[in-house]
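For reference, the chains in residue letters:
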Amino acid sequence: MAELNWAGTHEFAASTVHNPTTIEDAQAIVARTERIRPLGTRHSFNDIADGVELISLVGVAPEVSTDGATVTVTGGTKYAVVASWLEERGLALHNMGSLPHISIAGATSTATHGSGTSLGNLSTGIRALEFITPSGELETVAYDDADFGGAAVALGALGPIARVTLAVQPSYLVRQDTYRGLPWDALLSDVDAVFPSGYSVSVFTDWVSEVSDLWVKSRLDAGAPVLDEIFGAQRETGQRNVLEGVDNMTVQGGVPGPWSERLPHFRIDATPSNGDEIKSAYLVAIEDAAEALAAVRALGEQIAPALLISELRTVAADDLWLSTSTGRDSLCIHFTWKNLPDEVNAVIPHIETALAPFAARPHWGKVNALDLATIESLYERLPEFRALVARRDPASKFGNEYLRSRLGV
């Protein structure tokens, strides 16, 4: 039977998928296998995780421990598990992605993010990584190691991640308010003011309507007043679903709750997102946000027939070599497409052409058509990353066609 990603939109070409139940079993598999790629919870939409053989650590029983400042967890563990575990102990992460069902190793390896003008992507929470090396040994790369900037977002090129250590902080409460009717003119004229409206802010649009939805997640300990109107958008008091028929969203309407149950868009106890979909996303510098949004909006009539919904989010700058926000505060322009591969593949080049003047960086795990030359122009530390991979995996045990064709690794 064919191996598919979680949405059923990508079929893996790998001949074998290994599913060890212990770290020791995973080490033995890696040591004896000539070519192998790490596989997470299959939430990627391209061939980044594909290869001759795959290994998934999702079946390894979660091991979670904390010293009060950090939490260490097995790499295949889902964010939902560690978030619930931390909340029970009065601790928290700085942010979460929209889906809590993704594995920690997979999400951090691809610079997956939530939203927040002052919040880095999920990879910026890493304090140490324990890799399974080509020989099957365990090797730790800590925050203060020279290789850390390349290892934190390594796209699986350094091998499976056995354990991840993340920074934690005291638990906090969050309320989630939705606002209906944000005018495009208001957004484009003052992007820098719209997104700092809360701790984590998202804008949803279909690119052809005159108004968009604004979702504001606010920390209660910030003490900021709750506004009934933001830039012309009116606050709603009930539950609002981002897509017709999707009823698995986290609690809205301003009801306070733990960070773990408000920062994700989708509930921990429900099936994530829409399922039957394709995704792509591009990050531009925040100072280019208005022009970039206007360029994409001009393509609205081409985009709309294949689109389910678009989400706009912000991510703070970092210094991780292959992070999509490296060196710049960013706006992420995210597309959730209908499962129409031909139509999606036809419109994506137009979007990428429109965003090219803004040096748009694609999300590593989502559909895009950018080539090696373009990727090289977007990441000035890519040569250092290549050298890191060559040193740590000289026989390219963990390589694949994606890494070769997109990064020259």
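How each quantity is defined
Residues numbered from 1 in each chain as written. Predicted model: local features only at pLDDT ≥ 70, side-chain atom pairs only at ≥ 80, totals over all residues. Heavy atoms only, no water. Phe/Tyr/Trp six-rings, centres within 6.5 Å; stacked < 30°, edge-to-face > 60°. Helix = DSSP H or I, 4+ residues; strand = E, 2+ residues; numbered from the N terminus. Lys NZ or Arg CZ within 6 Å of the ring centre and 35° of its normal. Buried < 20%, exposed > 50% of the residue type's maximum accessible area, 1.4 Å probe, protein only. Arc of directions from axis to C-beta. Contact = heavy atoms within 4.5 Å. Polar contact = N/O pair within 3.5 Å; in protein donor to acceptor, adjacent residues only side chain to side chain. Pairing = 2+ DSSP bridges. Axes fitted to C-alpha atoms, helices over the stretch in contact; angles between N-to-C directions. Core = buried A, V, L, I, M, F, W, Y, C linked by side-chain atoms within 4.5 Å. Salt bridge = Lys/Arg side-chain N within 4 Å of Asp/Glu carboxyl O.

Caption draft 1: Spotlight on the packing of aromatic side chains. This structure, assessed with the given rule, holds 10 aromatic pairs. With a centroid separation of 6.5 Å and 80° between ring planes, the pair formed by W6 and F45 is classed as edge-to-face. One end of the pair, W6, is in the segment before β1 (16-18); the other, F45, is in the loop between β2 (37-39) and β3 (53-56), and 39 residues separate them in sequence. An aromatic cluster is defined as three or more aromatic residues linked by ring pairs; in this entry it consists of W184, W207, Y282, F335 and W337. The ring centre of Y143 lies 4.7 Å from the NZ or CZ of R127, which sits over that ring. Seen from the ring of Y199, R219 lies directly overhead, with NZ or CZ sitting 5.2 Å from the centre.

Caption draft 2: Local environment of helix α11 (residues 382-392). Three or more residues of α11 are buried, namely L382, F385, L388 and V389. Down the axis of α11, the sector holding all buried residues measures 110°, keeping them to one side. In this structure, the buried side of α11 is in contact with α4 (148-151), α10 (372-378) and α12 (401-407).

Caption draft 3: Up close: the environment of K338. With respect to the element layout, K338 can be found in strand β19 (residues 330-338). Once the C-alpha coordinates of K338 and L188 are considered, the two residues, 150 residues apart in sequence, prove to be 26 Å apart. Not counting residues up to four positions away in its chain, the partners in contact with K338 are I278, P305, A306, L307, L308 and V344. Within the structure, K338 has its side chain in polar contact with the backbone oxygen of P305 (distance 3.1 Å).

Caption draft 4: Representation of the sheet that holds β1 within the structure. Taken together, three strands build an open sheet; the order of strands is β1-β3-β2 and the sheet is parallel. Each edge of the sheet is formed by a strand with only one pairing partner; in this case those strands are β1 and β2. Along the sheet, successive strands turn relative to each other by an average axial angle of 30°, direction set aside. One ladder, built from three bridges, connects β2 with β3; its direction is parallel. Bridge assignment links L39 to a residue of β3, and that residue is S56.

Caption draft 5: Up close: the environment of G156. Take G156: it is sitting in the loop between α4 and β9 (161-167). G156 gets classed as buried once you look at its relative accessible area, which sits at 12%. A sequence separation of 116 residues divides G156 from G40, and the C-alpha atoms of the two residues are 9.9 Å apart. Residues within four places of G156 in sequence aside, it is in contact with R37, P38, S109 and F398.

Caption draft 6: Broad picture of the sheet that holds strand β7 (residues 126-132). Judged by pairing direction, the sheet is antiparallel, and its five strands sit side by side in the order β4-β5-β9-β7-β8 without closing on themselves. Of all strands in the sheet, those with a lone pairing partner are β4 (64-66) and β8 (138-142), marking the two edges. Within this sheet the neighbouring strands show an average axis-to-axis angle of 15°, counted without direction. Sheet topology note: the β4/strand β5 (residues 70-74) ladder contains three bridges and is antiparallel. In the sheet register, T66 faces β5, and the bridge partner there is V71. Contacts from helix α2 (residues 79-88) reach β4 and β5, with the element oriented near 40° to β4.

Caption draft 7: Expanded view of α2. Inspection of α2 places Y79, A80, V82, A83, W85 and L86 among the buried residues, and these make up the whole buried set. Of the residues flanking the end of α2, it is G90, one or two places downstream, whose phi is positive at about 75°.

Caption draft 8: Highlighting the environment of L138. Along the chain, the position of L138 falls in strand β8. Taking the C-alpha atoms as reference points, L138 and D318, separated by 180 residues in sequence, lie 27 Å from one another. With residues near it in sequence (within four places) discarded, L138 still touches I23, Q27, E130, F131, I132, A162 and R163.

Caption draft 9: Highlighting the pairing of β8. Across five bridges, β7 lies against β8 in antiparallel orientation. Counted as the bridge partner of L129 is V141 from β8. Between β7 and β8, which pair antiparallel in sequence order, lie five residues; one of them, G136, sits at a positive phi of approximately 90°.

Caption draft 10: Up close: the side chain of S260. In this fold, S260 is placed in the loop between β16 (257-258) and β17 (277-285). The class of S260 is buried, set by a relative accessible area of 4%. Beyond its immediate sequence surroundings of up to four residues, S260 is in contact with A83, E87, M96 and I268.

Caption draft 11: Layout of the nonpolar core. With 68 residues, the main nonpolar core has Y79, L86, W259, L322, W364, F385 and L407 as its most contacted residues. The residues touching W259, leaving out its near neighbours within four places in the chain, are A83, L86, E87, L91, A92, L93, M96, S171, Y172, V174 and P264. Grouped together as the second largest cluster of nonpolar side chains are 43 residues, V344, V347, I351 and V367 included.

Caption draft 12: Seen up close, the pattern of salt bridges. According to the stated counting rule, one finds 19 salt bridges in the structure shown. With a closest N to O distance of 2.9 Å, R219 and D221 form a salt bridge. Residue class for R219 comes out buried when judged on its relative accessible area of 17%. In this structure D221 comes out as exposed when scored by relative accessible area, which is 53%.

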